[in-house]
Amino acid sequence: MKIILNGESINLDIDPETPLVWAIRDHIGLTGTKFGCGGGYCGACTVHVDGQATRSCITPLETVADKAVTTIEGLPDGADLHPVQTAFLEHQVPQCSWCMTGQMMTAAAFLAENASPNEAEIVSAMGQNYCRCGCYVRIKAAVAAAAEMMQEDA
Ligand code: FES
Ligand code: FES
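Because the structure is predicted, anything quoted here is derived from the model rather than measured.

S.K.: I'm lost on the packing of helix 2 (residues 83–90) against helix 5 (residues 136–153) in this one. Help?
M.R.: A packed helix pair is summarised by two numbers, namely the angle formed by the two axes and the spacing between the axes. Viewed as axis vectors pointing N to C, helix 2 and helix 5 meet at an angle of 135 degrees, and their least axial separation amounts to 8 Å. Classified by the angle their axes make, helix 2 and helix 5 are oblique. Considering only the axes of helix 2 and helix 5, their crossing is right-handed. Contacts between helix 2 and helix 5 involve Pro83, Val84, Thr86, Ala87, Phe88 and Glu90 from the first element and Ile139, Ala142, Val143, Ala145, Ala146, Met149 and Met150 from the second. Considered class by class, the residues forming the contact of helix 2 with helix 5 number 11 nonpolar, 1 polar and 1 charged.

S.K.: What should I look at first to understand the environment of Asn114 in this one?
M.R.: Here Asn114 is to be found in the loop between helix 3 (100–113) and helix 4 (119–126). Taking C-alpha positions, Asn114 is 29 Å from Ser9, a pair spaced 105 residues apart along the chain. A polar contact is formed between the side chain of Asn114 and the side chain of Glu121, at a distance of 3.2 Å.

S.K.: Sorry, what's going on with the domain arrangement of the protein here?
M.R.: Accessible area lost when the parts come together is the quantity often used to give the size of an interface. In terms of domain boundaries, the protein breaks down into domain 1 (2–74) and domain 2 (83–153). Each of domain 1 and domain 2 has a C-alpha centre, and the two are 21 Å apart. Listed as interface residues are 19 residues of domain 1 and, on the opposing side, 13 residues of domain 2. Between domain 1 and domain 2 the total buried area reaches about 1,200 Å² when both faces are included, carbon and sulfur atoms providing 58% of it. Its largest share of buried area at the contact with domain 2, domain 1 owes to Lys34, His48 and Ile72, together 39% of the area lost on that side. Inspection of the domain 1/domain 2 interface yields 0 salt bridges. Secondary structure elements with two or more residues in the side of domain 1 that touches domain 2: strand 3 (46–49) and strand 4 (52–55). Residues that form the side of domain 1 that touches domain 2 fall into these classes: 7 nonpolar, 10 polar and 2 charged.

Definitions and limits used
- Residues numbered from 1 in each chain as written.
- Chains lettered and ligands numbered in written order.
- Predicted model: local features only at pLDDT ≥ 70, side-chain atom pairs only at ≥ 80, totals over all residues.
- Heavy atoms only, no water.
- Axes fitted to C-alpha atoms, helices over the stretch in contact; angles between N-to-C directions.
- Helix = DSSP H or I, 4+ residues; strand = E, 2+ residues; numbered from the N terminus.
- Parallel < 35°, antiparallel > 145°, perpendicular 65-115°, else oblique.
- Left-handed = near helix turned anticlockwise from the far one by under 90°.
- Contact = heavy atoms within 4.5 Å.
- Nonpolar A, V, L, I, M, F, W, Y, C, P; charged D, E, K, R; others polar.
- Polar contact = N/O pair within 3.5 Å; in protein donor to acceptor, adjacent residues only side chain to side chain.
- Domains from an automatic or database assignment.
- Buried area = accessible area lost by both parts, 1.4 Å probe.
- Salt bridge = Lys/Arg side-chain N within 4 Å of Asp/Glu carboxyl O.

Printed below as a string of structure tokens:
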């Protein structure tokens, strides 16, 4: 079956029920997408499927056939980091970093839908992505900063 990963068409000859996270990590070799709980709870494995934040650990490969999948490796625009990535760096958000690609993919999908969120909307949008290092204050600040950057660039 074929998926479109980070703008590139890729044919995969594997079990169509393979969770997307393992197709991406083990078969394609992009390891930016992380595996956490494996049950759809933590958000570490979040990617975009047709622009929607999607938990790749509970998404069978067959359900994304011919859809556009974006991972953290595909989030930058060429050499330019996505504003969410820039803001997470500038705010020195990560501690161990395991949850961070999922955090950034969730934030990017959210800001694509809501360009000028208030604090409560940011907290709600990010509330189902868990960070065992407890970086929540910096995550919230970075998402707000990314929104400001995107408004300035618009
Ligand atoms: S690893 Fe997918 S939601 Fe936790
Ligand atoms: S930075 Fe360690 S789990 Fe979030």
